[in-house]
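A structural walkthrough
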Amino acid sequence: MTPTPLFFLLLLGLMGARATVDLRTAAAMAAGLCKTRPTDIVFIVDSSRSVRPSEFEQVKVFLAKVIEGLDVGPNATRVGVVNYASRVKSEVSLKTHRTKAGLIKAVTKIEPLSTGTMTGLAIQFALNVAFSESEGARVKSPDISKVAIIVTDGRPQDNVKEVALRARDAGIEIFAIGVGRVDMNTLKQMASDPLDDHVDYVESYSVIEKLTKKFQEAFCACSNAATDVVFLIDGSKSVRPENFELVKKWINQIVDKLDVSEAKAHVGLVQYSSSVRQEFPLGRFNNKKDLKDAVKKMAYMERGTMTGQALRYLTENSFSAGGGARPGVAKVGIVFTDGRSQDYIGDAAKKAKDQGYKMYAVGVGNAVEDELKEIASEPTGEHYFYTADFKAMTQIAKKLQINICQEEDPCECDSLVKFQKKVEDALQALTKKLDSMSKRIALLENKIV
């Protein structure tokens, strides 16, 4: 019996089906692989009588979609949900569900309480209970973020200002989402600084889903790819010695968030005043301890503020091969200043961005916001920060997340690489199967002949 063309078609069809399954598996494994920073997140959700049942369902869809974009796990992101009205109910604790499927299922079962609006009571509950170690919260650490996301549509019947302040002082970053006729002043009293990044408003629950991407990206840390980061630090006399120590602590807060190693993040440090001084180049320190120790030893220069000269040094020296920069690696510049530059910054700032460097500008005190915006990469609102007080720099360090992924989707670097690897493995396996099957068919043909 001679094998017919149909036989071969059926054979290849079966093998193709198996390959399709393998590729679908690869795609499924690639989906949702955005690596989120280790974070304890507690949603605090208003289900007072002003929130209609259909609207509360839309809130649950929003929660589920944000959770879907997180890297959920005991050592990654833990999620809790607090439901409140006149009373407070813990729906999901940080220790309860360690998988997305379990979390989302629990969220879908939440029912509205449909009474008053005791938002202050809910924040107090989150502070005392939801974020406690007994409920699954991790010990306070610079490597683990604590985040509360409050969703409300009304004016609270109790005080929120003082309890929100206590929560923020305890290290909890608060995002406040207002819907409909919400009291905007209340949102501002609850939220962390900068308010522009922590207060959101939507006109109705039907469009709350549009905030999903913001919160998915807020917790996405695609920090596994290599990046070269250089700090340009203003050491002019207006900073003052005690504030310069705060600046060094701020630098180390950001270093704590980086994956510092030979293969991943390299960090360089440059101080400037009337002149520019390299404190250490990229690649000299490949672990956080040595790097942070070197930052602490940086001596204060004093004198003037030549920011333009510092920017030129960045492009001509810090990010050069001779300065330790690696070819083909993303480049990030973080410029800190507390005053107006005494020289022209325009050309140097433009050159840095034209060369593809991602530039962040951070200003304190008398810093000029127009200059910060000129230094910062686009979109400017995401790359420049200002605070009047050196003591508030901690909040900027929390917000400034160095994202080295592709601009169009900051969460797809690892996913894409893993997906490509799965596809390549599946194709290699398929090729081997085809070779083996061809040999078996040849043997079968010989026997038939």
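For the structure, see preceding data.
Report follows, based on the coordinates. Keep in mind it's a predicted model, so treat the numbers as computed, not measured.

**Quick look at the pattern of salt bridges**
Inspection of every chain in the model, using the stated rule, returns 16 salt bridges. Where Glu245 meets Lys248, a salt bridge forms, and the shortest distance between an N and an O atom there is 3.1 Å. One end of the pair, Glu245, and the other, Lys248, are both in helix H9 (residues 241–256), 3 residues apart, so they sit about a helical turn from each other. Its relative accessible area of 41% is what places Glu245 among the partly exposed residues. Taking the shortest distance from any N to any O, the salt bridge between Lys264 and Asp259 comes out at 3.7 Å. We classify Asp259 as partly exposed; its relative accessible area is 29%.

**Focus on the sheet that holds strand S12 (residues 384–387)**
Pairing within the open sheet is mixed, and its 6 strands lie in the order S9-S8-S7-S10-S11-S12. Only two strands of the sheet have a single neighbouring strand rather than two, namely strand S9 (276–280) and S12. Strand-to-strand twist of the sheet, defined as the mean angle between neighbouring strand axes without regard to direction, takes the value 15°. With 4 bridges connecting them, strand S8 (residues 265–272) and S9 associate as antiparallel partners. Within S9, the residue paired with Tyr272 across the bridge is Val276. The strands touched by H9 within the sheet are strand S7 (227–234), S8, strand S10 (330–337) and strand S11 (358–364), with S7 carrying the most contacts at an inclination of about 170°.

**What about the pairing of S11?**
The element S11 is largely enclosed, with a buried count of 7 among its 7 residues. The alternating pattern of S11 places Lys358, Tyr360, Val362 and Val364 and Met359, Ala361 and Gly363 on opposite faces, both of which are buried. Direction of pairing for S10 relative to S11: parallel, over a ladder of 6 bridges. Bridged to Val335 within S11 is Ala361. Running through helix H13 (residues 369–375), the crossover from S11 to the neighbouring parallel element S12 is right-handed.

Cut-offs used in this document
- Residues numbered from 1 in each chain as written.
- Predicted model: local features only at pLDDT ≥ 70, side-chain atom pairs only at ≥ 80, totals over all residues.
- Heavy atoms only, no water.
- Salt bridge = Lys/Arg side-chain N within 4 Å of Asp/Glu carboxyl O.
- Helix = DSSP H or I, 4+ residues; strand = E, 2+ residues; numbered from the N terminus.
- Buried < 20%, exposed > 50% of the residue type's maximum accessible area, 1.4 Å probe, protein only.
- Pairing = 2+ DSSP bridges.
- Axes fitted to C-alpha atoms, helices over the stretch in contact; angles between N-to-C directions.
- Contact = heavy atoms within 4.5 Å.
- Right-handed = clockwise from strand over helix to strand, strands pointing away.

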